[in-house]
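What follows is each chain in one-letter form.
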Amino acid sequence: LNEEPNLKIEESEFVIAAYGDGGSTDGESYFSVANYDSVGQKVSVTEGKFVGFVINSLFLQEGHAEINFKVFEWKGNYADTVKEDPIYYTAIEAETGGPGDHPDYRIDFGKAFAEGEYLVLFESEDGLCLWSHGKKAGITSFMDGQEYTHGTFKLSYIVDIYAELDTEPETEI
């Protein structure tokens, strides 16, 4: 359960695991996003520009899912954060080789955001599941706007130490 992301990346990029060691304290191994309005994770980007995100070991129950993925600048609490428009949004048609195939899935923003705190949200009516892991300092997970206190989700973020800032928000939702 304590594995690091294994992705081909540029020399200036680093993949930072946003999940803790071992299993969650409630014994859950994964959560179906379809059971919630949204599932999210707050991350603190401290070195480099925030350029992408990774769903580690993508788990799609049927081998495909449509996923709405949003990134918000953190505004001090969850409610105030999601009142704002996301700074990045994309709809993803994700596919895997089937229920037993769990590849790492990379989302490139095509822009670079400054160091800071961000909330990423996933919404999906399909069989997208996020693996549950132990807690990690500086990372907070949410389900339907409520903090998930038993652990984190198996997600990572990508930073690029040489990227130039491009913070023009995505406007189409």
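Everything here concerns the structure above.
The notes below deal with the structure included here. (Residues numbered from 1 in each chain as written. Predicted model: local features only at pLDDT ≥ 70, side-chain atom pairs only at ≥ 80, totals over all residues. Heavy atoms only, no water.)

The next subject is the side chain of Asp160. Tracing the backbone shows Asp160 in strand 14 (residues 155-160). Buried charge Asp160 goes without a salt bridge, the closest partner of opposite sign being Arg106 at 7.3 Å. In this structure the side chain of Asp160 is engaged in a polar contact, spanning 2.9 Å, whose partner is the side chain of Ser12. At a separation of 3.2 Å, a polar atom in the side chain of Asp160 contacts the main-chain amide nitrogen of Ala163. Excluding residues within four positions of it along the chain, Asp160 makes contact with Ser12, Glu13, Gly48, Lys49 and Val51. (Helix = DSSP H or I, 4+ residues; strand = E, 2+ residues; numbered from the N terminus. Buried < 20%, exposed > 50% of the residue type's maximum accessible area, 1.4 Å probe, protein only. Lys, Arg positive; Asp, Glu negative; His and termini not counted. Salt bridge = Lys/Arg side-chain N within 4 Å of Asp/Glu carboxyl O. Polar contact = N/O pair within 3.5 Å; in protein donor to acceptor, adjacent residues only side chain to side chain. Contact = heavy atoms within 4.5 Å.)

A few words now on the sheet that holds strand 6 (residues 64-73). Judged by pairing direction, the sheet is antiparallel, and its 6 strands sit side by side in the order 7-6-9-3-11-12 without closing on themselves. Two strands close off the open sheet at either side, each with one partner strand: strand 7 (88-95) and strand 12 (146-148). In this sheet, adjacent strand axes meet at a mean angle of 30 degrees when their direction is disregarded. (Pairing = 2+ DSSP bridges. Axes fitted to C-alpha atoms, helices over the stretch in contact; angles between N-to-C directions.)

A word on the packing of aromatic side chains. Under the definition given, this model contains 19 aromatic pairs. Between Phe69 and Tyr88, the ring centres sit 6.3 Å apart and the planes meet at 65 degrees, which makes this aromatic pair edge-to-face. With Phe69 in strand 6 and Tyr88 in strand 7, this residue pair connects regions lying 19 residues apart in the sequence. Among the residues examined, Phe69 registers a relative accessible area of 0% and is labelled buried. A network of ring pairs unites the aromatic residues Phe50, Phe53, Phe69, Tyr88, Phe109, Phe113, Tyr118, Phe122 and Tyr157 as a single cluster. (Phe/Tyr/Trp six-rings, centres within 6.5 Å; stacked < 30°, edge-to-face > 60°.)

The next subject is the sheet that holds strand 1 (residues 13-17). One key point about sheets: their strands pair by backbone hydrogen bonds, in either a parallel or an antiparallel sense. In space, the 4 strands of this open sheet follow the order 1-14-4-8, with antiparallel pairing throughout. A strand with exactly one partner marks an edge of an open sheet, and here the two such strands are strand 1 and strand 8 (105-113). Strand-to-strand twist across the sheet, computed as the mean angle between neighbouring axes with direction ignored, equals 25 degrees. Looking at chain direction, strand 1 and strand 14 are connected through 5 bridges and run antiparallel. Across the sheet, residue Ile16 finds its bridge partner in strand 14, namely Tyr157.

Counting across every chain of the model gives 5 salt bridges. With a closest N to O distance of 3.3 Å, Glu117 and Lys42 form a salt bridge. Of this pair, Glu117 sits in strand 9 (residues 116-123) while Lys42 sits in strand 3 (residues 39-45), placing them 75 residues apart in sequence. A residue is classified by how much of its surface remains accessible, and Glu117, at 36% relative accessible area, is partly exposed. Given the relative accessible area of 11%, Lys42 is considered buried.

Residues Phe14, Ile161 and Tyr162 make up a contiguous nonpolar surface patch of about 340 Å² in total accessible area. Relative to the helices and strands, Ile161 resides in the segment after strand 14. (Patch = residues over 30% accessible without salt bridge, like charges linked within 9 Å, V, L, I, M, F, W, Y side chains within 5 Å. Areas by Shrake-Rupley, 256 points an atom, 1.4 Å probe, with all protein chains shown as cover.)

With 6 of 7 residues buried, strand 4 (residues 49-55) is to be regarded as a mostly interior element. In the sheet, strand 4 pairs with strand 14 via 6 bridges, with the strands oriented antiparallel. If you follow Gly52 over to strand 14, its bridge partner there is Ile158. In this sheet, strand 8 lies alongside strand 4 in antiparallel orientation, the contact comprising 5 bridges. Residue Gly52 lies in a different strand from strand 8, and its bridge partner there is Asp108.

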